[in-house]
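Chain residues, written in single-letter form:
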Amino acid sequence: VQLQASGGGLVQPGGSLRLSCAASGRTFSNYHVGWFRQAPGKEREFVAASRRYNSNPIYADSVKGRFTISRDNAKNTVYLQMNSLTPEDTAVYYCAADSNLIMSSMTTWSRYNYWGQGTQVTVSS
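Residues numbered from 1 in each chain as written. Predicted model: local features only at pLDDT ≥ 70, side-chain atom pairs only at ≥ 80, totals over all residues. Heavy atoms only, no water.

What to know about the overall build of the chain
Part 1 of the argument: Secondary structure assignment for the chain yields zero helices and 11 strands.
Part 2 of the argument: In the chain, the succession of helices and strands from N to C terminus is β-β-β-β-β-β-β-β-β-β-β.
Part 3 of the argument: Taken over the C-alpha trace, the chain has a radius of gyration of 13 Å; the compact-globule value for 125 residues is 14 Å, and the two agree within 12%.
Part 4 of the argument: Each of the 125 residues in the chain was classed as buried or not, and the buried ones make up 42%.
Part 5 of the argument: Restricting the contact set of the chain to residue pairs at least 6 apart, pairs at least 24 apart contribute 58%.
Part 6 of the argument: Side chains of the chain carry 12 positive and 7 negative charges; the gap between the two charge centres is 7 Å. (Helix = DSSP H or I, 4+ residues; strand = E, 2+ residues; numbered from the N terminus. Rg over C-alpha atoms; globule rule 2.2 N^0.38 Å. Buried < 20%, exposed > 50% of the residue type's maximum accessible area, 1.4 Å probe, protein only. Contact = heavy atoms within 4.5 Å. Lys, Arg positive; Asp, Glu negative; His and termini not counted. Charge placed at Lys NZ, Arg CZ, Asp CG, Glu CD.)

Examining the nonpolar core
Part 1 of the argument: Grouped together as the largest cluster of nonpolar side chains are 37 residues, with contacts concentrated most on W35, V47, F67, L80, M82 and Y93.
Part 2 of the argument: Within the residue set of this core, elements represented by two or more residues are strand 1 (2-6), strand 3 (17-24), strand 4 (32-38), strand 5 (45-50), strand 7 (67-72), strand 8 (77-82), strand 9 (91-98) and strand 11 (119-123).
Part 3 of the argument: For this core, the element with the most residues is strand 9, which contributes five residues.
Part 4 of the argument: Excluding residues within four positions of it along the chain, F67 makes contact with R37, V47, Y59, L80, Q81, M82, N83, L85, D89 and Y93. (Core = buried A, V, L, I, M, F, W, Y, C linked by side-chain atoms within 4.5 Å.)

With respect to the state of the cysteines
Two cysteines joined by a covalent bond between their sulfur atoms form a disulfide.
Part 1 of the argument: Scanning the entire structure with this criterion turns up one disulfide.
Part 2 of the argument: The disulfide that involves C21 links it to C95, with 2.2 Å between the sulfurs. Judged by the torsion about the S-S bond (70°), the C21/C95 disulfide is right-handed. Taken together, the positions of C21 in strand 3 and C95 in strand 9 put the pair 74 residues apart, joining distant regions of the chain. Summarising the burial analysis for this pair, C21 and C95 share the class buried. (Disulfide = S-S within 2.5 Å.)

Here we look at unusual backbone geometry
Part 1 of the argument: At N76, a position not held by glycine, the phi torsion is positive, near 55°.
Part 2 of the argument: Secondary-structure assignment places N76 in the loop between strand 7 and strand 8.
Part 3 of the argument: Non-glycine residue S84 carries a positive phi angle of around 50°.
Part 4 of the argument: Position of S84 relative to the elements: it lies in the loop between strand 8 and strand 9.

Some remarks on the sheet that holds strand 1
Part 1 of the argument: Strand order in the open sheet formed by four strands is 1-3-8-7, with antiparallel pairing between adjacent strands. Of all the strands in the sheet, just strand 1 and strand 7 have a single pairing partner and so form its edges. Here the strands of the sheet are splayed against their neighbours by 15° on average, with no regard to which way each runs. (Pairing = 2+ DSSP bridges. Axes fitted to C-alpha atoms, helices over the stretch in contact; angles between N-to-C directions.)

Some words on the pattern of salt bridges
Part 1 of the argument: On inspection of all chains with the given rule, the structure shows four salt bridges.
Part 2 of the argument: Two residues, D89 and R37, come together in a salt bridge whose shortest N-O distance is 2.9 Å. Separated by 52 residues along the polypeptide, D89 in the loop between strand 8 and strand 9 and R37 in strand 4 bring together distant segments of the chain. There is no split in this pair, since D89 and R37 are both buried.
Part 3 of the argument: A network of salt bridges, in which partner residues are shared, links R37, E45, R66 and D89. (Salt bridge = Lys/Arg side-chain N within 4 Å of Asp/Glu carboxyl O.)

Keep in mind these values describe shape, not function.
Here is the structure:
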């Protein structure tokens, strides 16, 4: 499966952005999809994951209540709605997919086999 992330940009603190991860090549509904981010000088960290077949999503504590992950299997796209953004959310955001994950491994970036290119999110006044 090929992934294409988009939607990043520059936003002021408190603002919102919606990222998209468009997939092609396989039956998207069979894949778990995760969003990860990496800030300069920091390790890649888990943000949110959409489990296949629309089971309950998973969120990092740092984004819970502010970010919402959703998917439209008909459009082969997963979205990450990001609200109440802070400068600490500044990072390159990546989407990833895999069809063979157990729930406990969905927050680990190295468990995903398919990755999109990153999209930069900058939160600054």
